Amino acid sequence: MPPSTAGRATGIWRWGDLLPLRDRRHAVSLGEGDTPLLDITETLALPGVTVHVKCEHLNPTGSFKDRIAAVALSLVRERSLLGVLGTSSGNGGAAASAYGARAGRHVVLLALVTTPPEKLVQIRSTGATVHLVEGLGHDPRTTRLLAEEVRAAGARHGYLPFLTGGRYAPEMMTGARTIAYELAEQAAATTHVYAPVGGGGLYASLWRGYRDLAGAVPRLVAVQPSGCPTVRDALAGGPGVLTRPSTTVVSGLQVATLFDDDVPQAVAGSAGHLTEVTDDQVMAAHARLIRNGVFVEPAGATALAGLLADAEAGRLPAGSRAVLVATGAGWKDGGALRNLTDPRPPELWTAGIDELLDSLPSGPGRRGAQPEEATG
Ligand SMILES: Cc1ncc(COP(=O)(O)O)c(C=O)c1O
C-alpha cells in the first residue's frame, strides 16, 4: 500500500510557516494552490524563447484570488471575526464568497457596475451579499475613498477588510506570494515573469514572494492596459492614481488607483519593467490562448499580450525563459467568449455522420491557431 498523504499540508499550506496564521487548525481550504505550469513554447514559436503558463485559472473558484481568500477567511476564523467586507471586480468577491461559505462566515461585497454577470452569479449563488457601486474601479476618487471607508468600517464592525492590495490588507496578501514560492520550485531558471496589473497586489506579491526566498529574482514584467495607466504614473514618481476614469474593458484590470505601494520597488528591485498593451492586444492574446485550449478570461491573457508586445519590440532576447501568470478562467466572462464565437446557433444536422466528418478540412487538426483566425 502507498504511504498515506492524509494530514500532509498541500497547496498554499505547504508554506504555512510563511503565512500569518498562528494555528494551522484554523485554515480554511478548498484545495487552492499548486497549480500546473503549462509549456506553450511550441505554440508561440518565438525564436530562442521558452514560455510557460502558470495556470492560476485552475484554482477552486477560477482565479488566483483563492490564495488570498483562503488566508483571509482563515484569519477571520482564528480571530473570531464576523466575516469579510470588501470591494471587488468579481474574482476576489467570488473567492471570498466561496471561502466564506466554507467557513460559515458573512461575506459583504461592493462590486463594479461592469462586473461580468458570470462573476456576479458565482458570488450570489453562495448567499453572499453584493451591491454594485457607480464609479468603483473606473473613477479614481470613488475607488480610493471607498477602499478607505471599507477598511475603517470593517474594523469597527468586526469584519476583516477584503481589499486585495498590500496597502490595505498586507496579511491576507501573503497568500499571493505562494505563486512565487511555487514558481521557484517549478521553474527555477525563469528569466521573466509576466503578470497583469489591476490594483497591483498580485505583481507586488510576486516580488515579495521571490524576496522571501532570498534566491534569484526573475525580471517581473508588469502588464497593464493602456486605458488604465496607474503604473506609468507611479514609475514617474506619482501616486499611481489616474487623473481621469479608466477606459479599459478588461474585467479585473479596471482599477483607477494602485492598491499596493510596492509596485515601483518591485519593478526596480527585479530589474523588471512596465509593458502597456491595448485592449485589442489583450483580446488577440485571449483568442490565441482559447484557440489553443488554454481557457482563460481576458485578464488571464494579458500577460501573453505583454510578452508578445515585448517580443515584437525586441525586448525579449533569445535565451529568455518566460512565465505568464494566467490569472482567471475563461467561463468568468461569457461576453468575451461570445466575441470569439459564431453568433448563429449550431445548425441542425440531418445528414449522416460520414458526411459530417467528410465536411471537415483534411489533415490532423488546427494546431497553433493564430489570432486572425480566432477573431474572424
Ligand atoms: C483575473 C484577474 N487578473 C488580474 C487581476 C489583477 O490583480 P491585481 O488587482 O492584484 O493587480 C485581477 C483582479 O481582480 C483579476 O481578477
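Quick notes on the rules
Residues numbered from 1 in each chain as written. Predicted model: local features only at pLDDT ≥ 70, side-chain atom pairs only at ≥ 80, totals over all residues. Heavy atoms only, no water. Near = heavy atom within 4 Å. Polar contact = N/O pair within 3.5 Å; in protein donor to acceptor, adjacent residues only side chain to side chain. Nonpolar A, V, L, I, M, F, W, Y, C, P; charged D, E, K, R; others polar. Domains from an automatic or database assignment. Contact = heavy atoms within 4.5 Å. Buried area = accessible area lost by both parts, 1.4 Å probe. Salt bridge = Lys/Arg side-chain N within 4 Å of Asp/Glu carboxyl O. Helix = DSSP H or I, 4+ residues; strand = E, 2+ residues; numbered from the N terminus. Buried < 20%, exposed > 50% of the residue type's maximum accessible area, 1.4 Å probe, protein only. Pairing = 2+ DSSP bridges. Axes fitted to C-alpha atoms, helices over the stretch in contact; angles between N-to-C directions. UniProt positions renumbered as here; feature names shortened; annotations may be inferred. pLDDT = per-residue confidence, 0-100. Patch = residues over 30% accessible without salt bridge, like charges linked within 9 Å, V, L, I, M, F, W, Y side chains within 5 Å. Areas by Shrake-Rupley, 256 points an atom, 1.4 Å probe, with all protein chains shown as cover. Parallel < 35°, antiparallel > 145°, perpendicular 65-115°, else oblique. Left-handed = near helix turned anticlockwise from the far one by under 90°.

1. Comments concerning the site of the ligand
- Taken together, 17 residues lie around the ligand, and Asn91, Gly198, Gly200, Leu202 and Thr327 are the ones closest in.
- A distance of 3.2 Å is found between an oxygen atom of the ligand and a side-chain nitrogen or oxygen belonging to Lys65.
- Ser89 places a polar side-chain atom, nitrogen or oxygen, 3.3 Å from an oxygen atom of the ligand.
- Of the residues belonging to the shell around the ligand, the class tally is 6 nonpolar, 9 polar and 2 charged.

2. Some details on the domain arrangement of the protein chain
- In terms of domains, the protein chain is made up of domain 1 (11-63 + 170-337) and domain 2 (65-162).
- Averaged C-alpha coordinates put domain 1 and domain 2 at centres separated by 21 Å.
- On the side of domain 2, 37 residues touch domain 1, which itself brings 52 residues to the contact.
- Here domain 1 packs against domain 2, burying approximately 3400 Å² in sum over the two surfaces, 56% of which is carbon and sulfur.
- Together, Val28, Met172 and Lys332 form the three largest contributors to the area buried by domain 1 at its contact with domain 2, with a combined 22%.
- Applying the counting rule to domain 1 against domain 2 returns 4 salt bridges.
- Glu297 is the partner of Lys119 in a salt bridge, and the nearest nitrogen-oxygen pair spans 2.8 Å.

3. Remarks on the pattern of salt bridges
- By the definition in use, this model includes 17 salt bridges.
- The residue Arg67 makes a salt bridge to Glu56 at a minimum N-O spacing of 2.6 Å. With Arg67 in helix α2 (residues 65-78) and Glu56 in the loop between β2 (50-55) and α2, this residue pair connects regions lying 11 residues apart in the sequence. The same class applies to Arg67 as to Glu56, namely buried.
- The salt bridge involving Asp260 is made with Arg208; its shortest N-O contact spans 2.8 Å. Taken as a pair, Asp260 in the loop between α8 (230-235) and α9 (263-269) and Arg208 in helix α7 (residues 201-213) lie far apart in primary sequence, 52 residues in all.
- Looking at Asp260, the relative accessible area reads 2%, which means it is buried.

4. Let's talk about the sheet that holds strand β5 (residues 129-133)
- Pairing within the open sheet is parallel, and its 4 strands lie in the order β5-β4-β3-β6. The open sheet has two edge strands, β5 and β6 (159-162), and neither has a second partner. Across the sheet, the mean angle separating the axes of adjacent strands is 15° when strand polarity is ignored.
- In the sheet, strand β3 (residues 83-88) pairs with strand β4 (residues 106-112) via 6 bridges, with the strands oriented parallel.

5. Here's the deal with the sheet that holds strand β7 (residues 192-196)
- Read across the open sheet, the 6 strands follow the order β1-β2-β10-β7-β8-β9; overall the sheet is mixed. In this open sheet, the two strands that pair with only one neighbour each are β1 (37-39) and β9 (273-277). Averaged over all pairs of adjacent strands, the angle between strand axes in this sheet comes to 25°, irrespective of strand direction.
- As paired strands, β7 and strand β10 (residues 321-326) are joined by 3 bridges and run parallel to one another. Note that in β10 the partner of Tyr194 across the bridge is Leu324.

6. Side note on the UniProt feature "domain: Tryptophan synthase beta chain-like PALP" (unreviewed entry) in the protein chain
- Those places that UniProt annotates as "domain: Tryptophan synthase beta chain-like PALP" (unreviewed entry) correspond, in this numbering, to residues 28-328.
- Annotated as 43% helix and 18% strand, the span residues 28-328 places its first and last C-alpha atoms 21 Å apart.

7. A few points about the confidence of the model for the protein chain
- Chain-level statistics for the protein chain give a pLDDT mean of 95 and a share of 95% at 70 or above.
- Helix α14 (residues 371-375) is the least confidently modelled element of the protein chain, averaging 41 in pLDDT, while β7 averages 99, the highest of any element.
- Here residues 367-376 scores under 50 on pLDDT; set against residues more than four positions off or in separate chains, the count is 13 contacts.

8. Some remarks on a nonpolar patch on the surface
- Among the surface-exposed residues, Trp349, Ile353, Leu356, Leu357 and Leu360 lie close enough to one another that they form a single nonpolar patch of about 500 Å² accessible area.
- Its location among the elements puts Leu356 in helix α13 (residues 353-358).

9. Quick notes on the packing of α2 against helix α6 (residues 170-186)
- Where α2 contacts α6, the axes come no closer than 7 Å and their chain directions differ by 140°. Here α2 is positioned oblique relative to α6, judged by the angle of their axes. Seen along the crossing, α2 lies across α6 with a hand that is right-handed. When α2 is examined against α6, the residues Arg67, Ile68, Val71, Ala72 and Leu75 are found in contact with a partner set consisting of Glu171, Met172, Met173, Thr174, Gly175, Ala176, Thr178, Ile179 and Glu182.
- Class assignment for the residues of the contact of α2 with α6 results in 8 nonpolar, 3 polar and 3 charged.

10. Examining unusual backbone geometry
- In this structure, Asp34 takes a positive phi of about 50° despite not being glycine.
- Structurally, Asp34 can be placed in the segment before β1.
- In this structure, Ala45 takes a positive phi of about 50° despite not being glycine.
- Here Ala45 shows up in the loop between α1 (41-44) and β2.

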